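# Observations on the three-dimensional arrangement
Letter by letter, the chains look like this.
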Amino acid sequence: MAELQVRAKLFFLDHGQGKWREQSICNIKVENGVLEASRAADGKVLLSHTLNKYLDYRLEKGVLIAFRDRTPRDEEEDVLLACSSTQGAATLLEEMNKGVEPLEKMAKLPAKEEDTAPPAAAATDLEKELPEKVTYANLEALVEVLEKVEPSGTREAAGQLALRREYVPQILSLFDILDDLDDEDGLNLIYRAVLAMFKLATPALVFRMIHRTTISAIIAALEHHPFRPRIQHRAYFQEVSLSNPMLLEKELTELLTHVHKIFYLRDTVLPLAIDDLTTELLTNEATISRNSAVSWISSENELVKEVVSKVDPRSPNILEILKFVEELLQVLKTLPPGQQPLRRYMENGLLTAVAPCARHANRLVRAACSDIVNECLLLDTSLLRDFAISRDSSLLTCVLDQTVREEDPALQCQWQDVGKILLETKNQREKYVFAGSSKLTELDDSFLELLYNRRGGVLDPLLIPLKWHPDLVQDPSNVPETEKWILAPRRADRALYVSAPLVAICIQGHRAAAAQWAEDHGIIQAAVKLLKSINLKFRNDAVMACVWILRAGVEADDQALHQTMAELDPFGVLMHLTSRRGMLASTFLSVLDAIWSLNRRPLVQLIGDKYGPQLESMKETHMGKHFLLRYQKNQGDHSSPPPTVEQPSGAAPEEHERDGEADLLAGSYADEEMHP
């Protein structure tokens with residue numbers, strides 16, 4: 001082979017960081033079947049790669065050549081050459097693809113000391129037993145030799161021999177003939193031969209078999225299992241190619257199809273027949289190719305726009321399209337944080353396109369939409385929240401709407417979790433903690449504008465379960481047609497149960513604006529009315545939801561709201577829970593705990609005056625003792641000592657760690673001093 005020289009940048013893939021590491025600008029020389037990259041500055045050789053025509057040398061974006069450097073002396077290394085011109089890259093790739101018979105040269109290299117080379121006698125016996133040419137006459141003998149190779153040094157020798165004698169193209173040529181003749185016995189032997197070569201687990205042989213030019217024929221050859229019914233792998237891929245909804249540019253589509261075939265080969269065709277080493281080889285090759293395809297798509301705005309444009313709920317292939325987008329996002333998660341182009345997908349309207357699909361009649365489509373939103377949250381929660389605030393609130397409205405309307409309980413909980421993350425600003429505040437108070441004020445203002453002041457009713461879906469609850473609506477015929485679903489048995493209680501935590505976040509999160517929102521929509525009034533109109537014994541979901549809303553009202557820093565709660569007095573129907581156990585009782589006790597620790601005076605006064613006997617019955621408990629103490633302090637009654645709990649002899653005083661206990665003698669709405 002004549003000498004060829006090209007100048008290019010040399011990159012090695014850092015698998016730990018998942019990104020390419022630039023080495024230097026190098027002079028690339030191809031001579032006598034060896035590619036050598038020497039640093040242009042001082043001539044130091046950084047790469048010496050023996051060309052192998054069975055390896056896949058790929059040209060990407062006109063000037064990038066990617067391949068794997070595999071030699072017996074070094075571990076596998078992913079290499080990228082960025083050439084200075086498209087003409088130089090094309091010329092270099094042409095010379096590389098010509099290749100040489102690499103195995104003869106590689107055999108001359110000294111092996112590592114720790115490597116266990118096969119005995120010379122065993123290698124010689126294999127050369128005698130394995131034929132030079134594969135024919136129908138010697139096919140059975142070849143299969144028997146390959147199947148009896150032990151997983152030791154002889155396996156590597158057999159794999160190298162199969163490569164050197166080009167068994168793969170010979171067996172596939174023989175398969176074409178036997179397939180045309182429909183020779184079942186011969187096809188069964190072809191199946192065994194292909195499977196035996198996979199079991200050799202020789203990297204170069206495996207990569208030769210799953211190369212783009214051969215993998216389809218390999219999968220076809222594996223249709224003919226000797227003892228099982230034939231599986232039509234080729235028919236499956238023909239159907240997939242005809243109905244593929246993600247037809248992008250030709251080279252990219254071919255790369256994605258190749259990745260699909262490798263995973264199909266690993267997971268469907270060969271899962272029980274190959275060992276872990278072969279499985280790992282298939283996984284690594286598919287993963288590298290898939291990551292390359294995803295990086296290619298995500299780096300070009302036109303390709304991202306084309307992908308997003310295909311997300312249409314009216315498409316008959318919408319489920320396949322959403323699964324493809326979900327897989328894109330999953331691969332983006334594996335990239336380093338600085339190389340995750342989620343913003344490009346957001347700016348091209350991905351989530352705006354996904355929102356209508358979340359209301360699709362097919363449950364699997366709705367589940368795929370939920371998974372996509374979750375993948376975006378895992379990639380960059382702050383970006384998703386900022387986008388929902390400043391760009392398009394349709395995503396947030398969709399999330400809240402699906403939380404209320406979704407029929408599937410599992411999906412309903414997924415949407416609820418997403419809603420909690422989007423509405424809760426604590427994590428976002430941590431992001432801006434060093435940006436100063438002006439940034440925090442801007443953040444609060446933007447959320448106030450979105451949640452409470454913006455026309456369009458972003459939070460309206462959360463109000464549906466209370467507004468149209470069957471126990472609160474006197475005439476069911478007044479319920480709008482779009483909300484008739486809530487009249488179905490148990491749908492209203494379930495919707496209220498999942499929406500109440502989100503309502504609670506909205507009530508307690510933004511002070512005056514939140515309290516005003518709760519007052520304007522009569523949320524506390526509706527919750528209290530519902531509690532007083534249902535049988536608490538058989539309606540745990542509805543009761544728990546109302547208690548959550550009441551606790552949010554207590555925790556909200558608004559005295560007018562507390563005065564409203566005191567006037568409504570929801571505690572009469574709930575005080576019996578103080579003597580019970582369970583989640584509902586614990587939640588109600590947490591409401592009482594918040595009332596005394598935050599010193600909500602109207603509520604402390606109401607409960608102390610009206611439900612004193614129940615408090616007295618709890619004075620031996622932590623909550624009851626301190627609630628009575630708070631009530632007495634507010635009354636200015638110092639005549640009787642506070643209730644105490646007897647301590648065992650030698651016991652240390654009880655330590656209080658709850659909020660508000662350290663400042664028991666102080667604390668009110670404005671940290672006012674309490675006077676006797």
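Quantities reported herein were computed from a predicted structural model and do not represent experimental measurements.

### A closer look at the confidence of the model for the protein
Of all residues in the protein, 79% have pLDDT values of 70 or greater, and the mean over the chain is 79. Note on residues 432-436: pLDDT is under 50 here. Beyond four places in sequence and across chains, it has four contacts. This stretch, residues 638-676, has a pLDDT under 50; its non-local contacts, to residues over four places away or in other chains, come to 61 contacts.

### Re the packing of aromatic side chains
Counting across every chain of the model gives five aromatic pairs. With a centroid separation of 4.9 Å and an interplanar angle of 80°, the aromatic rings of Phe237 and Tyr264 are classed as edge-to-face. With Phe237 in helix α10 (residues 233-242) and Tyr264 in helix α11 (residues 250-269), this residue pair connects regions lying 27 residues apart in the sequence. Of the two residues, Phe237 and Tyr264, neither departs from the other in class, the shared state being buried. By way of ring pairs, the aromatic residues Tyr236, Phe237 and Tyr264 are connected into one cluster. Over the face of the ring belonging to Phe237 we find Lys261, whose NZ or CZ atom lies 5.7 Å from the ring centre.

### Regarding the pairing of strand β4 (residues 45-50)
Where strand β3 (residues 34-39) and β4 come together, five bridges link them in antiparallel fashion. Bridge pairing in β4 links Ser38 to Val45. Between the end of β3 and the start of β4, which pair antiparallel, lie five residues, with Gly43 showing a positive phi angle near 80°.

### Points about the packing of helix α19 (residues 394-405) against helix α23 (residues 460-467)
Running from N to C, α19 and α23 point in directions that differ by 25°, and their axes come no closer than 7 Å. Taken together, the axes of α19 and α23 lie roughly parallel to each other. From α19, Thr397, Leu400, Asp401, Val404 and Arg405 reach across to α23, where they touch Pro461, Leu462, Ile464 and Pro465. For the contact of α19 with α23, a count of residues per class yields six nonpolar, one polar and two charged.

### Concerning the pattern of salt bridges
The full count for this structure, using the stated rule, is 23 salt bridges. Linking Glu147 and Arg192 is a salt bridge whose minimum nitrogen-to-oxygen distance equals 2.9 Å. Of this pair, Glu147 sits in helix α4 (residues 139-147) while Arg192 sits in helix α7 (residues 184-199), and the two are 45 residues apart along the sequence. With its nearest N and O atoms 2.9 Å apart, the salt bridge here joins Asp408 to Arg363. Of the two residues, Asp408 sits in the loop between α19 and α20 (409-423) while Arg363 sits in helix α17 (residues 363-379), which places them 45 residues apart along the sequence.

### Overview of the pairing of β3
With six bridges connecting them, strand β2 (residues 19-31) and β3 associate as antiparallel partners. Each residue of the ladder has a partner; that of Glu31, found in β3, is Val34. As consecutive antiparallel partners, β2 and β3 are separated by two residues, and within that stretch Asn32 has a phi angle of approximately 55°, a positive value.

### Details of helix α14 (residues 318-333)
With 16 residues, α14 extends 23 Å between its outermost C-alpha atoms, agreeing within 8% with the 22 Å of an ideal straight helix rising 1.5 Å per residue. Regarding α14, the residues found buried are Ile318, Ile321, Leu322, Phe324, Val325, Glu326, Leu328, Leu329, Val331 and Leu332.

### Regarding the environment of Pro203
Along the chain, Pro203 turns up in helix α8 (residues 203-209). The sequence separation of Pro203 and Leu282 amounts to 79 residues, and the corresponding C-alpha distance is 9.4 Å.

Thresholds, definitions, all that
Residues numbered from 1 in each chain as written. Predicted model: local features only at pLDDT ≥ 70, side-chain atom pairs only at ≥ 80, totals over all residues. Heavy atoms only, no water. pLDDT = per-residue confidence, 0-100. Contact = heavy atoms within 4.5 Å. Phe/Tyr/Trp six-rings, centres within 6.5 Å; stacked < 30°, edge-to-face > 60°. Helix = DSSP H or I, 4+ residues; strand = E, 2+ residues; numbered from the N terminus. Buried < 20%, exposed > 50% of the residue type's maximum accessible area, 1.4 Å probe, protein only. Lys NZ or Arg CZ within 6 Å of the ring centre and 35° of its normal. Pairing = 2+ DSSP bridges. Axes fitted to C-alpha atoms, helices over the stretch in contact; angles between N-to-C directions. Parallel < 35°, antiparallel > 145°, perpendicular 65-115°, else oblique. Nonpolar A, V, L, I, M, F, W, Y, C, P; charged D, E, K, R; others polar. Salt bridge = Lys/Arg side-chain N within 4 Å of Asp/Glu carboxyl O. Expected span 1.5 Å × (residues − 1).

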